[in-house]
Amino acid sequence: MGKISYMRLKGSQNLRLRLLLSTLSSTPILIEDIRVDATWPGPLSHEVSLLRLLEKVSDDCHVEINETGTKLKYKPGIVMGGKPLTIRLNGITNDSKDPSVDTFKSATLPMLKRFGVPPEGLELKIESRGVPPHGGGEIILSIPIVQDSLKAISWIDEGMVKRIRGISFSTRVSVQFENTMIHAARGILNHLLPDVYIFTDHKAGPQAGKSPGYGITLVAETTSGCFISADTAVSYASGKEDGMDDEENKELSPPEDVGEQITSMLLGEIEQGGVVDSTHQGLLFLLCALCPQDVSKVRVGQLVPHGIEVLRHIRDFLGVKFVIKPDPSTMTVILKCVGCGLKNLSRKIS
């Protein structure tokens, strides 16, 4: 067996993205200086969980972390196929940092269908909710196997907003918090269009997780089938890794303010233009890059920092470069690329 050649990287930034692209491109990586100056150096718990997941779904995957945790060697294996992937995930389902499970269900899954992911068996089920600091949420995610490859798309018409749907949730607080958020959001949205409906999802007992909190997700559907989302959650801050600090005693933001703020965020995303919201830019670019060797063309609003980082990593790992052309008439950006032609080599042979 020959000597393995590793792509050398530094720092903890975009660690999850690097592990994903390493797996998809079969590129071994060596990451050094992972939070070397932090109180608790090395990968965080959710990053370690991702490594364990990659080991579970891959054949011949190898992970090596040094004693201090600041150096990681990852040699990807072959992702095993043959049947749908169904996984039960535990932890935080809603917070103010990452897209919520509701956004994933309402906006992310429909986007996957556009690229050829089979709709049959594509599902996310929320068993219980969990907010920071202690989580306690649980979901079941099912993803069908793509038989051959994704399909290249031309997706530049964002259309006009025809309806807005949403869901509010509350855990270990009064259900009245949800009603207040919904009333505040509808107070703005109903002046703009009549088709607005926001569901409630009050959790109690074991389904409410381990921490009190509440939040709301709004999704605007357009006439061309785009889903523009915005979400947030309010809970007690998680404090430091080694214990809770004074933020544990802070009061939660008023639900009326939360409803107004999330509505303003959604309207801002719609105003930016594009076929996806800013949160989904990175995933959109990645899906385009993984398509067959054909041209994909998409329109987004202003490029966000994470989207730019994804473009750089796609270039480094997959060798795919995007042509970026601003559209001054709409203040949007059109991106084109030829996919890398990734195929499912592990599909079940019929």
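Residues numbered from 1 in each chain as written. Predicted model: local features only at pLDDT ≥ 70, side-chain atom pairs only at ≥ 80, totals over all residues. Heavy atoms only, no water.

With an unreviewed UniProt entry as reference, the protein chain is termed RNA 3'-terminal phosphate cyclase-like protein, source organism Abeliophyllum distichum. According to the UniProt record, the Subcellular location (unreviewed entry) comment for the protein chain is "Nucleus, Nucleolus". (UniProt positions renumbered as here; feature names shortened; annotations may be inferred.)

Moving on, we come to the environment of Ile308. The topology assignment puts Ile308 in helix H7 (residues 305-318). We classify Ile308 as partly exposed; its relative accessible area is 31%. (Helix = DSSP H or I, 4+ residues; strand = E, 2+ residues; numbered from the N terminus. Buried < 20%, exposed > 50% of the residue type's maximum accessible area, 1.4 Å probe, protein only.)

Scanning all chains against the criterion turns up 0 disulfides. Cys340 provides the cysteine sulfur closest to Cys61, a residue in no disulfide bond, and the two sulfurs are 19 Å apart. We classify Cys61 as buried; its relative accessible area is 16%. (Disulfide = S-S within 2.5 Å.)

Across the interface, helix H3 (residues 101-114) lies against helix H6 (residues 281-290) with an axial gap of 11 Å and an inter-helix angle of 15 degrees. The orientation of H3 relative to H6 falls into the category roughly parallel. In the packing of H3 onto H6, the handedness of the crossing is right-handed. Residues Thr108, Met111 and Leu112 of H3 lie in contact with H6, whose contacting residues are Leu283, Leu284 and Leu287. (Axes fitted to C-alpha atoms, helices over the stretch in contact; angles between N-to-C directions. Parallel < 35°, antiparallel > 145°, perpendicular 65-115°, else oblique. Left-handed = near helix turned anticlockwise from the far one by under 90°. Contact = heavy atoms within 4.5 Å.)

Here we take up the packing of aromatic side chains. If you walk through the whole model with that rule in mind, you get 3 aromatic pairs. Measuring from centroid to centroid gives 4.7 Å for Tyr197 and Phe199, while their planes differ by 65 degrees, and the two rings are edge-to-face. On the accessibility criterion, Tyr197 (45% relative accessible area) is partly exposed. (Phe/Tyr/Trp six-rings, centres within 6.5 Å; stacked < 30°, edge-to-face > 60°.)

We now examine the pairing of strand S2 (residues 29-32). Burial along S2 is two-sided: Ile29 and Ile31 and Leu30 and Glu32, pointing in opposite directions, are all buried. The sheet contact formed by strand S1 (residues 7-10) and S2 spans 4 bridges and is parallel. Residue Lys10 lies in a different strand from S2, and its bridge partner there is Glu32. Between S1 and its parallel partner S2, the chain crosses via helix H1 (residues 15-25), and the hand of that crossover is right-handed. (Pairing = 2+ DSSP bridges. Right-handed = clockwise from strand over helix to strand, strands pointing away.)

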